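Observations on chain architecture
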Amino acid sequence: MAGEIKPLRLKREPVPRAKPVATVENPVAKVLVDTGLLHIDQEFDFLVPQELAEIAVPGVLVKVPFNRKRVLGVIISRHPESQFRGELRFISEAIRPFPLIGANILALTAEVKRYYGGTRWDVIRFALPALSKSSQHLNPNREINNVRNPGRDSRYPDGFWKALGDLPTNESRIRTWWTPPPYEDPFEFFAALPAYSRSWSLVLLPDVHDVERMVEKLRAHEQYRDSLIVPWHSQLTRAEREQNFLQVLRGESGIVVGVRGALFLPMSKLDLILLWDEGDDSYAEQRSPYFHAREVAIMRAHLEKAHLIIGGASPSLAAISYIQRRYLNILTPTQLTNSRRTVTVKALSQESDPNSLGRIPSQAWKIIQEGLKSGPVLVQVPQRGYILALTCNTCRNRALCHCGGKLIWEGARKCAECSLCGSLKLDWQCPHCAASQFRFSQVGDLRILEELGRAFPNQALLSTNKDHRVPFIEGSPLIVISTPGAEPIAPAGYSAAVVINSALVLNRSALDAEEEARRRWFGLALLLSPSAPLFIDSAFENRNIQALQRWDSIGIGVREFEERRALNLPPAVKTISVNGEFEAVAQIVRNLPPECEVSRPKLDGHNESSALVRINAPDPSQYIAEIFLRARTQSARGSSIARIKIDPISL
């Protein structure tokens, strides 16, 4: 219609905001900004607006304008003026009106960054939970009575207990490696130690099940009835993590029980750090800067002058290096009978003996039968699944698919299938000898469960692994089939334990194969009842079994460490793993000083490359700094950045 009138539209105009006014006293704040760039890890100067004058103190989390965005930052300090001669911008807002990161955590993040590379914000992310709008105020905790009456274990020296009860100083700080005696629950000893702390104690454990078990044990103790006990692990909800974080932030004393991330919780004064089973690979962080909890625990104990007790059934070779340098002293019980100092170990006397053949040797069957007469029996299998590898029954060559994937056998299927493409092999034929019969070369826990169920038809069985873990069992006769690390706790210990397919662990193509097998076997002995047998289907002459018989994990560890030293292998030498695109890795390792022994970068078929650098120098810090500098140069150029891991746990 020609005369149609269009509707009016209101024009929206932004209301001009009032320009912020800088505070009069110390108007300049140095802020560590989360730039997301490896080569920019520094403080920048920002003006503090008048409305944030009382809030903007060191440790407060803020948002600041940076590179046309608003990014996170943490205030490091306040100053009356800036050395920057350009125009300063204002802090946009404060995330919380109280400090979230203390000076001790900032010092720890700087130390971790210096040792492992990356940026300080890579570390700060581990120190902060996801915050909700409900935590705008920091109310103090209720007053906690921290006066306790700890008892002393007479098997350990009086000097140890006296030093533990004193405030840690440079002269009396404890730096100890603790090895528990066989057949003893180490959590009982660890649960008694925080009673000596006058402020915060930190107990580090491998996983959430261990954390929950330790929390229950502490809360059951009479001496911790009025103590603040804070769990910290990945299975806490967002609200629980925030609540626990704030409890630690506003508390003056208590006990934190957690996994590796608990190392960065804001405990105001830390007196005691306990770390159990430091050789467990769960202590190695898989995200940048790829730190290890053992090293960070040592850093924090040094910075805060806290007592440090590291324990395990068998020390890793990295812990052995600290023992060799006498940084860690050895703490062992002195008043034990000979029967409590050794383990009843049974193994294969002759591997060619007919009784030693088969998936479960005859000797193991007898041990299981005898053990069931008095309680539960533990059967440890190194792998999950049914049949994880097949070989030709005639020539023993590995059975492979035409695509190159290995053939496996799932329990529900009636034929083999490829682990890569999933194709079924109804009429497989060996390309080497034309045979068509398979041999099961790698058997998982499901197959062992099936075989034991047939052998003991009227006996109760239980399967537990990392995905389906059972934390506790009763003391009645029961066969428990478990993968390493998922063994349930029996109230009075297992009456027997059997290790199946130990060769899969010992013969792994990894540098830490013996070290890992030793840690698993010594750990099994702690789960047994006194004088219960431990059977391992390996030759009795194996040096690790001999060390287990003597309960000498440190002696065998020192021997292997010296072998590593002679062969110039880690941890006797500083080792750096460089991974990424081929050209990025080559730029890092090319033309390094002669003290850096570099392995040739190798491709994995997906344009990913890896190289290993071993530094043969008494002080490797300058060479590590050169490698970090090259990575920052890659970041500044905008090219692909190589991933650098200091002291990788597996090689």
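Preceding block: the structure.
Attention here is on the structure that accompanies the text. (Residues numbered from 1 in each chain as written. Predicted model: local features only at pLDDT ≥ 70, side-chain atom pairs only at ≥ 80, totals over all residues. Heavy atoms only, no water.)

Digging into the overall build of the protein
What the protein contains, in helices and strands, is 17 helices and 28 strands. Its C-alpha atoms give the protein principal-axis dimensions of roughly 95 × 80 × 70 Å. Across the 651 residues that make up the protein, the buried fraction comes to 52%. Contacts in the protein between residues at least 24 apart in sequence constitute 72% of all its contacts with a sequence separation of at least 6. As displayed, the protein offers around 32,100 Å² of accessible surface, 50% of which is attributable to carbon and sulfur atoms. The averaged location of the 70 negative side-chain charges in the protein is 3 Å from the averaged location of its 80 positive side-chain charges. (Helix = DSSP H or I, 4+ residues; strand = E, 2+ residues; numbered from the N terminus. Buried < 20%, exposed > 50% of the residue type's maximum accessible area, 1.4 Å probe, protein only. Contact = heavy atoms within 4.5 Å. Areas by Shrake-Rupley, 256 points an atom, 1.4 Å probe, with all protein chains shown as cover. Lys, Arg positive; Asp, Glu negative; His and termini not counted. Charge placed at Lys NZ, Arg CZ, Asp CG, Glu CD.)

Considerations on the packing of helix α13 (residues 513–525) against helix α15 (residues 553–566)
The N-to-C vectors of α13 and α15 enclose an angle of 175°; their axes lie 12 Å apart at closest approach. Here α13 is positioned roughly antiparallel relative to α15, judged by the angle of their axes. Residue-level contacts link E514, E515, R518 and F522 of α13 to S553, I556, G557, E560 and R564 of α15. (Axes fitted to C-alpha atoms, helices over the stretch in contact; angles between N-to-C directions. Parallel < 35°, antiparallel > 145°, perpendicular 65-115°, else oblique.)

Looking at the packing of helix α1 (residues 103–116) against helix α2 (residues 120–127)
Viewed as axis vectors pointing N to C, α1 and α2 meet at an angle of 130°, and their least axial separation amounts to 8 Å. With respect to their mutual orientation, α1 and α2 come out oblique. Relative to α2, α1 is oriented so that their crossing is right-handed. For the pair formed by α1 and α2, the contact residues are I105, L106, T109, A110, V112 and K113 on the first element and R120, V123, I124 and A127 on the second. Considered class by class, the residues forming the contact of α1 with α2 number 7 nonpolar, 1 polar and 2 charged. (Left-handed = near helix turned anticlockwise from the far one by under 90°. Nonpolar A, V, L, I, M, F, W, Y, C, P; charged D, E, K, R; others polar.)

As for the pairing of strand β28 (residues 643–646)
The two faces of the sheet receive side chains in turn, since in a regular strand these alternate between them. Side chains I644 and I646 project from β28 onto a buried face, and the interleaved R643 and K645 project onto a face without burial. Direction of pairing for strand β24 (residues 574–581) relative to β28: antiparallel, over a ladder of 4 bridges. Paired with I576 across the two strands is I646, which belongs to β28. (Pairing = 2+ DSSP bridges.)

As for the packing of aromatic side chains
When we look at a pair of aromatic rings, we describe it by the centre distance and by the angle of the planes. Evaluation of the coordinates by the stated rule reveals 19 aromatic pairs. Here W161 and F189 contribute two aromatic rings whose centre-to-centre distance is 6.2 Å and whose plane-to-plane angle is 65°, an arrangement assigned as edge-to-face. Of this pair, W161 sits in helix α3 (residues 158–165) while F189 sits in helix α4 (residues 186–192), and the two are 28 residues apart along the sequence. Owing to a relative accessible area of 2%, W161 belongs among the buried residues under this scheme. According to the relative accessible area criterion, F189 is buried, its value standing at 5%. In this structure an aromatic cluster arises from ring pairing among Y156, F160, W161, W178, F189, F190, Y196 and W276. The residue whose ring lies beneath K645 is Y290, and the NZ or CZ to ring-centre distance is 5.1 Å. (Phe/Tyr/Trp six-rings, centres within 6.5 Å; stacked < 30°, edge-to-face > 60°. Lys NZ or Arg CZ within 6 Å of the ring centre and 35° of its normal.)

Brief notes about the sheet that holds strand β18 (residues 424–425)
Sheets are built from strands that pair by backbone hydrogen bonding, the pairs being arranged parallel or antiparallel. Taken together, 3 strands build an open sheet; the order of strands is β16-β17-β18 and the sheet is antiparallel. Each edge of the open sheet carries a strand with a single partner, namely β16 (407–408) and β18. The pairing of strand β17 (residues 416–418) with β18 spans 2 bridges and is antiparallel. Following the sheet pairing, E417 is matched in β18 by L424.

A closer look at empty space enclosed by the protein
Per the counting criterion, the structure on display carries 2 cavities of 30 Å³ or more. As a volume, the largest cavity reaches approximately 50 Å³. Reported here for the second largest cavity is a volume of approximately 50 Å³. Considering the residues around the second largest cavity, the lining is formed by L164, D166, P168, L193, Y196, S197, R198, D271, L272 and H307. Tallied by class, residues from the lining of the second largest cavity come to 5 nonpolar, 2 polar and 3 charged. (1 Å grid on protein atoms, 1.4 Å probe; cavity = no way out; pocket = protein on both sides within 12 Å on 5 of 7 lines; lining within 4 Å. Points joined across faces, edges and corners; volume = space filled by probe spheres on them.)

Focus on the pairing of strand β1 (residues 28–33)
For β1, the tally of buried residues reaches 5 of 6 residues, placing the bulk of the element in the interior. Bridging between β1 and strand β2 (residues 43–47) involves 5 bridges; their strand directions are antiparallel. Paired with A29 across the two strands is F46, which belongs to β2. By the bridge criterion, 6 bridges tie β1 to strand β4 (residues 69–79) in an arrangement that is antiparallel. Bridged to K30 within β4 is S77.

Comments concerning the nonpolar core
Proteins that are soluble and globular tend to have nonpolar side chains buried together. The biggest cluster of nonpolar side chains holds 77 residues, and the ones touching the most others in it are V112, V256, F264, I576 and V613. Contact partners of V256, with chain neighbours within four places excluded, come to W200, S201, L202, V203, V230, V248, A262, L265 and M267. The next biggest cluster of nonpolar side chains, apart from the first, holds 63 residues, and it includes I255, L274, W521 and L527. (Core = buried A, V, L, I, M, F, W, Y, C linked by side-chain atoms within 4.5 Å.)

Regarding the side chain of H233
Topologically, H233 is positioned in the loop between β8 (229–232) and α6 (238–250). Excluding residues that lie within four positions of it along the chain, H233 makes contacts with V208, V211, E212, R241 and V259.

Examining the side chain of S314
Along the chain, S314 falls in the loop between β11 (307–311) and α8 (317–324). With a relative accessible area of 2%, S314 lands in the buried category. Discounting chain neighbours no more than four positions away, the residues touching S314 are W177, E278, R518, R519, F522 and S553.

Some remarks on the pattern of salt bridges
Where charged atoms from two side chains of opposite charge approach closely, those side chains can pair. Using the criterion set out here, one finds 43 salt bridges in the structure. The closest approach of N and O atoms between D41 and K113, which form a salt bridge, is 3.5 Å. Of this pair, D41 sits in the loop between β1 and β2 while K113 sits in helix α1; the two residues are 72 residues apart in sequence, bridging distant segments of the chain. Overall, D41 belongs to the buried group, its relative accessible area being 14%. Classification of K113 by relative accessible area gives partly exposed; the value is 24%. Linking E450 and R447 is a salt bridge whose minimum nitrogen-to-oxygen distance equals 3.3 Å. Separated by 3 residues within a single helix, E450 and R447 lie in helix α11 (residues 445–455), roughly one turn from each other. According to the relative accessible area criterion, E450 is partly exposed, its value standing at 26%. If you follow the salt bridges from partner to partner, you end up with D277, D280, E516, R519 and R520 in one network. (Salt bridge = Lys/Arg side-chain N within 4 Å of Asp/Glu carboxyl O.)

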